[in-house]
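Given next are the chains, with one letter for each unit.
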Amino acid sequence: MFERLKDMERHYEEIMKSLTEPDIVSDITKYTKLIREQAELEPIYKAYKAYCEAEAQEQDALTLLASEQDADLLEMAKEELQDAKQKQAELADKIKLLLIPKDENDDKNIIMEIRGGAGGEEAALFASELYRMYISYAERRGWRTELVSVNETGLGGFKEVVFIVNGKGAYSRLKYEAGVHRVQRVPETESGGRIHTSTATVAVMPEVEDVQVEINPADIKMEVFRSSGAGGQHINKTSSAVRLIHIPTGLVAECQEERSQLQNREKAMRLLRARLYEIEATKQHEQLADEKHEQLGTGDRSEKIRTYNFPQGRVTDHRIKLTLYSIDDIMHGNLDLVIDPLITADQAAKLAKLDQDQIL
């Protein structure tokens, strides 16, 4: 670990020196890149410097204990030795967490897709409730949401809803929501009082920039149509809704929530770009066969991750075997009750992997 940290220390100090050089300051591209790298390394650099100071404190205390005869000074040296060892242990744990490879998408906005799965109308109703849960969660964290498209049923459920969550760190927390969500409850339409099981699928994609996914304009076919509300009601007089078809892959992205055709096209492009990025990222993850077992943040759409049992007031996350009897609180947007333990488990798994590889 320490050889790696020394290399980081040297590299950080080289960056700080480079940031004062006129030719770097005048080159905005190089300067911005170095500033970003400096910001990423700074927490590790500071923690390592503090660790070195604690090591020096330990050595001073040991020297004093070996040479001093005065009882008061010996007692002081013992206290300093204990304090230095405690600091080192705390800083070592902090450094380990900082050395965990960071997901490059963690700070990005996200695009979420929720689709009703098995269970017909009840699945669509559950999909709409999940949508409201995520909107409430975004509001709690001060994030902004944008609706891209929604396909409603006659009873107010969603066959599919696509929306954007804008906020720093949105992906770092909501990436754990990807997968199949299962609900167990008695539907309002069930006269016999039987508990039904339905599902909804959640996809979470980081929003990517143009430079990350290159799309040839010739590969895009654009169709326009009239937007409509629930059940085909409230049809607009102008064809402002936009559907984009990516010819090489057959992927389709559409948006009809904005009044302007231009705005709808821009949102549809954001969605299409995210879907193309997701395809490429999935290929890369599949090449690392064991990564899925070490990280909780790469949920597969077909993997059942959570059950919401309304009769028992229970929410169970199957990945970490977490059960909470707080279903109302969670459905009203207090998702940190589930997400925080998932992040802790994910970090623990990654730390174990780092220790196993003798990186630390």
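Above this text is the structure in question.
Residues numbered from 1 in each chain as written. Predicted model: local features only at pLDDT ≥ 70, side-chain atom pairs only at ≥ 80, totals over all residues. Heavy atoms only, no water.

## Regarding the packing of helix H1 (residues 2-18) against helix H3 (residues 28-67)
Step number 1: Interaxial distance between H1 and H3 falls to 9 Å at its minimum, and their mutual angle equals 130°. Judged on the interaxial angle alone, H3 and H1 are oblique. The way H1 lies across H3 gives a crossing that is left-handed. Every residue of H3 that contacts H1 at Phe2, Leu5, Lys6, Met8, Glu9, His11, Tyr12, Glu13, Ile15, Met16 and Ser18 is listed here: Leu34, Glu37, Gln38, Leu41, Glu42, Ile44, Tyr45, Tyr48, Lys49 and Tyr51.
Step number 2: For the contact of H1 with H3, a count of residues per class yields 12 nonpolar, three polar and six charged. (Axes fitted to C-alpha atoms, helices over the stretch in contact; angles between N-to-C directions. Helix = DSSP H or I, 4+ residues; strand = E, 2+ residues; numbered from the N terminus. Parallel < 35°, antiparallel > 145°, perpendicular 65-115°, else oblique. Left-handed = near helix turned anticlockwise from the far one by under 90°. Contact = heavy atoms within 4.5 Å. Nonpolar A, V, L, I, M, F, W, Y, C, P; charged D, E, K, R; others polar.)

## Some details on the nonpolar core
Step number 1: Within the largest apolar cluster, 39 residues are counted, with the highest numbers of intra-cluster contacts made by Met112, Ile114, Leu130, Tyr134, Phe163, Val165 and Leu174.
Step number 2: Secondary structure elements with two or more residues in this core: strand S1 (110-116), helix H5 (120-140), strand S3 (158-166), helix H6 (170-174), strand S5 (196-206), strand S11 (322-324), helix H9 (327-331) and helix H10 (336-356).
Step number 3: It is H5 that provides the largest number of residues to this core, a total of nine residues.
Step number 4: Not counting residues up to four positions away in its chain, the partners in contact with phenylalanine 163 are Ile110, Ile111, Met112, Ile114, Tyr131, Tyr134, Ile135, Glu146, Leu147 and Val148.
Step number 5: The next biggest cluster of nonpolar side chains, apart from the first, holds 21 residues, and it includes Val148, Ile215, Ala253 and Leu272. (Core = buried A, V, L, I, M, F, W, Y, C linked by side-chain atoms within 4.5 Å. Buried < 20%, exposed > 50% of the residue type's maximum accessible area, 1.4 Å probe, protein only.)

## Describing a negative patch on the surface
Step number 1: A contiguous patch of negative charge on the surface is contributed by Asp60, Asp70, Asp72, Glu75, Glu79 and Glu80.
Step number 2: Structurally, aspartate 72 is set in helix H4 (residues 71-99). (Patch = residues over 30% accessible without salt bridge, like charges linked within 9 Å, V, L, I, M, F, W, Y side chains within 5 Å. Areas by Shrake-Rupley, 256 points an atom, 1.4 Å probe, with all protein chains shown as cover. Salt bridge = Lys/Arg side-chain N within 4 Å of Asp/Glu carboxyl O. Lys, Arg positive; Asp, Glu negative; His and termini not counted. Charge placed at Lys NZ, Arg CZ, Asp CG, Glu CD.)

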